[in-house]
Structures are given as C-alpha cells and as structure tokens.
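What follows is each chain in one-letter form.
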Amino acid sequence: MTTATKKRNPSEESDVFDRELDDLPQELRWREWMGRVEAVLFASASPVKREDLALVVGQGASVEMLIEDVQAELTGRPYELAQVAGGWMFRTRAQFADAIKAAADLGEQSLAFTEMEMGVLCAIAYHQPIDRTGLADIFGKEVSRDLLARLRYKDLITSGPRSPRPGAPHTFVTTAKFLTTFDLPTLRDLPELDLAVGNADEATRTARV
C-alpha cells in the first residue's frame, strides 16, 4: 500500500511570489516588472542593489534595462533615479534643493557642513585610510576629535584599519552613507582632486542626506 501524497493547500500556492508572470503578455509583463522595481526603490530609504531588484522580476529580465525604462519615464520630473553606493535610489534633482530646504520637513537631517568639516571629509575621502597624524600633515595642525566625532555621528566616516605608525593608531575611511550623500556610485567616481577642492562650497550646498 503506497503512502498517499499530501495535497498542497491552495492558500499555500497563493503565498508563492510570482516573479515570472507567465500568464501575462510580454508587454504587460515588462510593465509589471517596471512597476515592481519602481515600487521597491520608492519604498527603500537606502540604495537598492541589483541582486535585490532581481528578486522581484523574472529570471531572464534585465534589471539594467528595466531601470533605464523607469528613468526614461521620469524625464521632466523633479526627482530622478540615481545610481549611488553600488545601488539605485530615488533622489530629488539638485535644482530643487533650495525649494526643499525652504518648505519641506527634513526632520533631524542636516545638509550643512562647516568649511573645516568639508575639508577634513575631502581629505579622508581622497587619502583613506588616514589617521589623525596624516590629517595634521595635510592641514598643518591637529584635527580635533570633536570634528571627527561629528562626521562619525553623521555616519560619513568610520574606523579603518590600524595605521603602520608607532602605536598603531586608528585610521578613518568613508562610509556607504558618504557615497549616498554625494551621489557617488563608488569612490572611483570622486572628481579630480583640484576640482574637488575648488568646488567644496558647492558640494556643501548641494549635499543631500
């Protein structure tokens, strides 16, 4: 006597997320995948990586092509889909920064940096990993622990590997939040150093968190 095969509960089948959408025509399937990608990005407070977006579309679908189609539909809108910190996220366009600061409730977010904070942040970004002695060599004076603590509090820098100097002091490196704040896909996309120094004030004005 064979053991009876357990029947699957219909409700269990409905709980399975349908990525492939084989029951839809190709055009409608693509539009649904675009909608899913856009919804995930809209709901996320941080950049969403390609492999995560791939979880909501068909196995053969190109995430990059879906992203391009979503971006095309955002032409002329006050927000855009930006590639930052190894993923994608919605950001308001820089030209609307002043309007947002004038009227939007930004909570506890701070968009401003002092000149020294921006200088130290740039130094860490371009010379990381770097310790306090290395920063002192650049600025000709000690960089205060309070200033570094403020950058750490904003989650823009964190501790890096130990320095080879005597005493093996901690070094500082930038974070993923740094990339997100300045709309950089990776550290390789940092502007040329001379240009970055010349545009420090502009970076301070347009930085977004």
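These remarks concern the structure in this document.

Calculation notes
- Residues numbered from 1 in each chain as written.
- Predicted model: local features only at pLDDT ≥ 70, side-chain atom pairs only at ≥ 80, totals over all residues.
- Heavy atoms only, no water.
- Helix = DSSP H or I, 4+ residues; strand = E, 2+ residues; numbered from the N terminus.
- Contact = heavy atoms within 4.5 Å.
- Core = buried A, V, L, I, M, F, W, Y, C linked by side-chain atoms within 4.5 Å.
- Buried < 20%, exposed > 50% of the residue type's maximum accessible area, 1.4 Å probe, protein only.
- Pairing = 2+ DSSP bridges.

**Focus: the environment of Pro 129**
- Within the element layout of this structure, Pro 129 appears in the loop between helix H6 (115-127) and helix H7 (132-139).
- Along the backbone, Pro 129 and Pro 161 are 32 residues apart, and their C-alpha atoms lie at a distance of 7.1 Å.
- Setting aside anything within four residues of it in sequence, one finds Pro 129 in contact with Pro 161, Thr 171, Phe 172 and Val 173.

**What about the nonpolar core?**
- Counting residues in each nonpolar core, the largest one holds 22 residues, and the members touching the most others are Val 120, Leu 121, Ile 124, Leu 135, Leu 148, Leu 151 and Phe 178.
- Listing elements by their share of this core, those giving two or more residues are H6, helix H8 (145-153) and helix H9 (176-181).
- Considering every element that reaches this core, the biggest residue donor is H6, with six residues.
- If near-sequence neighbours (up to four positions away) are discounted, Leu 135 is found in contact with Val 120, Ala 123, Ile 124, Ile 130, Lys 141, Val 143 and Leu 148.
- Listed in part, the 19 residues of the second largest apolar core include Leu 41, Leu 53, Ala 54 and Trp 88.

**Considerations on the environment of Phe 172**
- Residue placement: Phe 172 occurs in strand S4 (residues 170-174).
- A relative accessible area of 8% places Phe 172 in the buried class.
- With near-sequence residues (within four places) excluded, Phe 172 lies in contact with Ile 124, Gln 128, Pro 129, Ile 130, Asp 131, Arg 132, Leu 148, Arg 152, Ile 157, Thr 158 and Gly 160.

**Things to note about the side chain of Glu 117**
- Relative to the assigned elements, Glu 117 resides in helix H6.
- For Glu 117, the residues in contact, after removing those within four places along its chain, are Leu 147, Arg 150, Leu 151 and Lys 154.

**Observations concerning the pairing of strand S2 (residues 87-92)**
- With five of six residues buried, S2 is to be regarded as a mostly interior element.
- Bridge count between strand S1 (residues 79-84) and S2: six bridges; the pairing is antiparallel. Within S2, the position partnered with Glu 80 by the bridge is Arg 91.
- The loop that links S1 with its antiparallel partner S2 comprises two residues; one of these, Ala 85, has a positive phi angle of about 50 degrees.

**Brief notes about unusual backbone geometry**
- Pro 129 follows Gln 128 through a cis peptide bond whose omega is -5 degrees.
- With phi around 55 degrees, Leu 21 is a residue other than glycine that occupies positive phi space.

**Focus on the pairing of S4**
- Most of S4 sits out of view: four of its five residues are buried.
- When strand S3 (residues 157-162) meets S4, the two strands line up antiparallel, connected through four bridges. Among the inter-strand pairings, Thr 158 is bridged to a residue of S4, identified as Val 173.

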